[in-house]
Amino acid sequence: MHPNIVQFKVYGEYALFSDPITRIGGEKCSYLIPTYEAVKGIMHSVYWKPSIIWYIDKIRVMNPIQTETKGVRPLKWTGGNDLSYYTYLKDCCYQVQAHFEPNRNRPELEEDSKNENKHYTIARRSIIRGGRRDIFLGSRECQCYVEPCVFGEGDGAYDRDDFTELSFGLMYHGLTYPDEAYSEETKGCLTKRFFYPVMKKRGIIKFPRPEDCKVTEFVRQMNMKKFGKAEGNFIGLEEFNESEFEEVNT
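Note that this is a predicted model, so its numbers are computed, not measured.

## Notes on the overall build of the protein chain
What the protein chain contains, in helices and strands, is four helices and twelve strands. The 250 residues of the protein chain split such that 44% are buried. Counted over contacts in the protein chain with a minimum sequence separation of 6, partners at least 24 positions apart contribute 72%. As displayed, the protein chain offers around 14,200 Å² of accessible surface, 50% of which is attributable to carbon and sulfur atoms.

## Brief notes about helix α3 (residues 116-128)
The terminal C-alpha atoms of α3 lie 19 Å apart, and with 13 residues this matches the ideal 18 Å at 1.5 Å per residue to within 8%. Looking only at α3, the buried set comprises H119, Y120, A123, S126 and I127. The buried residues of α3 occupy an angular sector of 130° when the element is viewed end-on, so they sit on one face. Turned more than 90 degrees from where α3 packs its buried face, N117 and I128 sit exposed. Looking at the buried positions of α3, the neighbouring elements they touch are β1 (6-15), α1 (36-46), β3 (52-61), β5 (84-102), α2 (110-114) and β6 (145-148).

## So, the pairing of β5
Most of β5 sits out of view: 15 of its 19 residues are buried. Here β1 runs beside β5; their pairing, made up of nine bridges, is antiparallel. Pairing of A15 across the sheet is with L89, part of β5. Two strands pair when backbone bridges link them, and strand β2 (residues 28-29) and β5 are joined in this way by two bridges, in the parallel orientation. Looking at β5, one finds that K28 is bridged to Y86. Relative to β5, β3 runs antiparallel, the two being bridged by nine bridges.

Basis of the calculations
Residues numbered from 1 in each chain as written. Predicted model: local features only at pLDDT ≥ 70, side-chain atom pairs only at ≥ 80, totals over all residues. Heavy atoms only, no water. Helix = DSSP H or I, 4+ residues; strand = E, 2+ residues; numbered from the N terminus. Buried < 20%, exposed > 50% of the residue type's maximum accessible area, 1.4 Å probe, protein only. Contact = heavy atoms within 4.5 Å. Areas by Shrake-Rupley, 256 points an atom, 1.4 Å probe, with all protein chains shown as cover. Expected span 1.5 Å × (residues − 1). Arc of directions from axis to C-beta. Pairing = 2+ DSSP bridges.

See below:
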C-alpha cells in the first residue's frame, strides 16, 4: 500500500478503448475493458505534473459490459467524409485506485517531486472538482465525469457469488515514453507494452506496473523533453525576475 492513494469513480454514456496501433482510420472496435493507458490519461486530466508518475493499481467494473455499434462519417485525409462502423462500450462506470511516485528521470524537477503532500492534496481536490481538463473514456467523443468514491463500496454488476473470473487475452497495456523509462532498454526510446488482464470477483481488475509487463516491443527512438529555465520553458513564476514578470502581464 502507498500513502498517496487516490480513489474515484469515472462514468459516461459511451467509451471507446481501441488499440492505438490499429487506430489509423476505418472501423474501430473497443476493448471490453479500459486500458491502463486510458485510465492513466484520465488521471492526467485530473492532475498532471512532469515531476511525478501516476500508477493505476486497479479498477472495478461497476456496470454490465455491453456494446453498441454506430454508423459514423469521419473526415478523410484526402477531404470529404467516409462511412465507418464504430463499436462503443455503453453505459460505462468504473471505480479507480491509483497512486503516484517521484519521477526519477527528471532530476531537474527533483525539488518539486519531494513535496509529496502538495501533489496529493491538489490531486484529491481536483477529483472533488471533477478534474482540471476535459475527461473522456478512450476517445475524445466519449465525454465522461469524475467524482470521489471509496474503492469497493457500492453494488456492482459482477458482485454475484457465481462469478469467478473472466480473461480478456493479450491486451494493450500502454506506452513507455523516455521520461518514464524504467530500465536501460527503455531509455531514449518509445516502447509499447502488452499484458493479460483478468477480471476477478466483484469486477476487479489489477494492473501490473509497466516494468512488470512481460510482452514489450520497441517502437522508435525518442528524446526526452527537459523542463526548466535553461531549456527555454519555466516551472514557476519564481523563474521570472520583476521586469520579465511585468512584461508578461502587459
